[in-house]
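# Secondary and tertiary structure notes
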Amino acid sequence: MKLSLIKARFIKALLIAASVAAIGLIAGCTSGFAEPFDISNIYFNYTTVSESDGEYIIITKHIASQSDVRIPDTIYGIPVREIADSVFAEDNQIKSVKFGKNMRRIGSNAFGKCQNLQSITFNVSMSDIGEYAFQECGSLQSVALPEHLESLGRGAFYGCRTLSEISVPQNIKNIGGRAFGETEWLRAFSNDNYVTVGDGILIAYNGNKTEIKLPKNIKQISGAFAGNTSLEKVTLRSDITVIGDMAFMGCGSLKEINIPSTVTDIGSNAFYGCKSVKKLIIPERVQYIGENAFAECRAALFVKEGSSAEKYCAENRLDCFSIK
């Protein structure tokens, strides 16, 4: 081969390499092999995560906007499993979103306030939609959540006022407080005292009584009584295992409530602002207590010695009384 031909090919290779590098810089590549990916003219920044079960990709930023967002199954053969927090938030050009078959988690506020979002296509294996993931998407009308969904974050569809049709999986395990708050779908149940979905998850109480005893087979309370200033006494049955996010938040007139021994979880802000409650006994079986669960609550907290609740009190500098 002639020297001139070798030289020409070498120069061509250098030019190609320089062009690729320049494209990466212009597109805003991040370190750690996180160059943008182009799918149907939508550019993504992403990062690759390595764990014991292999590598996966988290989409961290979108660079150019388009009406139809398509999340790919894979990028260079690596499954796309997550969307980070607020990646597509307030993008009013987006009208539809379709998630790839490997998507597992949608971050908090990922599509929040996308006012023209009308259509969402989930994959069947998705397990977690984050807090306020689709909040205030004002054009959204119908949502069918995937059958294998395990957890729906707090306020996931809050403020989606035109959302009138929602299909909730029967076996869903956890629904965050006000996940469907301020939706047309929830308003349609305004004549029902107790609104439940999934396997006994209470998401709304529309009654006006000052004293109530929860019906049987309610296993979880999710923001159902938040802001209720009429309630004075609540009796919970032993079916309850989770007092979830915002369950009794802002119930300023609530004076008396029992926490059954079957309860294992007390969610964030569960009793926030319950300033009239005098006493709460936290069962030994409780393993998880969320952030600000008892903030602005004047109740005396009684906990079992050596329990997770006692540890929570110590870590959060709460005055608790230990009982044997």
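This text gives an overview of the structure that appears in the document. (Residues numbered from 1 in each chain as written. Predicted model: local features only at pLDDT ≥ 70, side-chain atom pairs only at ≥ 80, totals over all residues. Heavy atoms only, no water.)

## Things to note about the layout of surface pockets
Size it by volume and the largest pocket reaches roughly 380 Å³. Around the largest pocket sit 22 residues that line it, and Gly-181, Glu-182, Leu-186, Ile-203 and Ala-204 are the ones nearest its centre. Of all the secondary structure elements, the ones that give two or more residues to the lining of the largest pocket are α2 (184-187) and β16 (201-205). Per-element accounting of the lining of the largest pocket gives the leading share, 3 residues, to β16. For the lining of the largest pocket, the per-class residue count stands at 11 nonpolar, 8 polar and 3 charged. Approximately 210 Å³ is the volume found for the second largest pocket. (1 Å grid on protein atoms, 1.4 Å probe; cavity = no way out; pocket = protein on both sides within 12 Å on 5 of 7 lines; lining within 4 Å. Points joined across faces, edges and corners; volume = space filled by probe spheres on them. Helix = DSSP H or I, 4+ residues; strand = E, 2+ residues; numbered from the N terminus. Nonpolar A, V, L, I, M, F, W, Y, C, P; charged D, E, K, R; others polar.)

## With respect to the pairing of β16
Summarising burial for β16: 5 of the 5 residues are buried, a large majority. In this sheet, β16 lies alongside strand β15 (residues 194-197) in antiparallel orientation, the contact comprising 4 bridges. Its bridge partner lying in β16, Tyr-194 is registered against Tyr-205. The antiparallel hairpin formed by β15 and β16 contains 3 residues in its connecting segment, where Gly-198 sits at a positive phi of about 55°. Summarising the sheet, β16 and strand β18 (residues 220-221) pair through 2 bridges and their orientation is parallel. Within β18, the position partnered with Ile-201 by the bridge is Gln-220. (Buried < 20%, exposed > 50% of the residue type's maximum accessible area, 1.4 Å probe, protein only. Pairing = 2+ DSSP bridges.)

## A closer look at the sheet that holds β16
The strand order across the open sheet formed by 6 strands is β15-β16-β18-β20-β22-β24, and the pairing between neighbours is mixed. Two strands bound the open sheet, and with one partner strand each, they are β15 and β24 (288-289). In terms of strand pairing, strand β22 (residues 265-266) meets β24 through 2 bridges, oriented parallel. Directly across from Ile-266, in β24, lies its bridge partner Ile-289.

## Points about the packing of aromatic side chains
Scanning the model with the defined rule gives 17 aromatic pairs in all. Pairing Phe-99 with Phe-122 gives two aromatic rings, centres 5.7 Å apart and planes at 20°, and the pair type is stacked. In this pair, Phe-99 sits in the loop between β7 (96-98) and β8 (105-106) while Phe-122 sits in the loop between β9 (119-121) and β10 (128-129), placing the two residues 23 residues apart along the sequence. You can call Phe-99 buried: its relative accessible area is 4%. Since its relative accessible area comes to 12%, Phe-122 is described here as buried. Taken together, a centroid distance of 5.6 Å and an interplanar angle of 10° make the contact between Phe-248 and Phe-271 stacked. A residue pair is termed long-range when its members are at least 10 positions apart, and Phe-248 in the loop between β20 (242-243) and β21 (256-257) and Phe-271 in the loop between β22 and β23 (279-282) qualify at 23 residues. Site record: aromatic cluster; members linked through ring pairs are Phe-44, Phe-88, Phe-99, Phe-111, Phe-122, Phe-134, Phe-157, Phe-180, Trp-185 and Phe-189. (Phe/Tyr/Trp six-rings, centres within 6.5 Å; stacked < 30°, edge-to-face > 60°.)

By themselves, these figures tell us nothing about what the structure is for.
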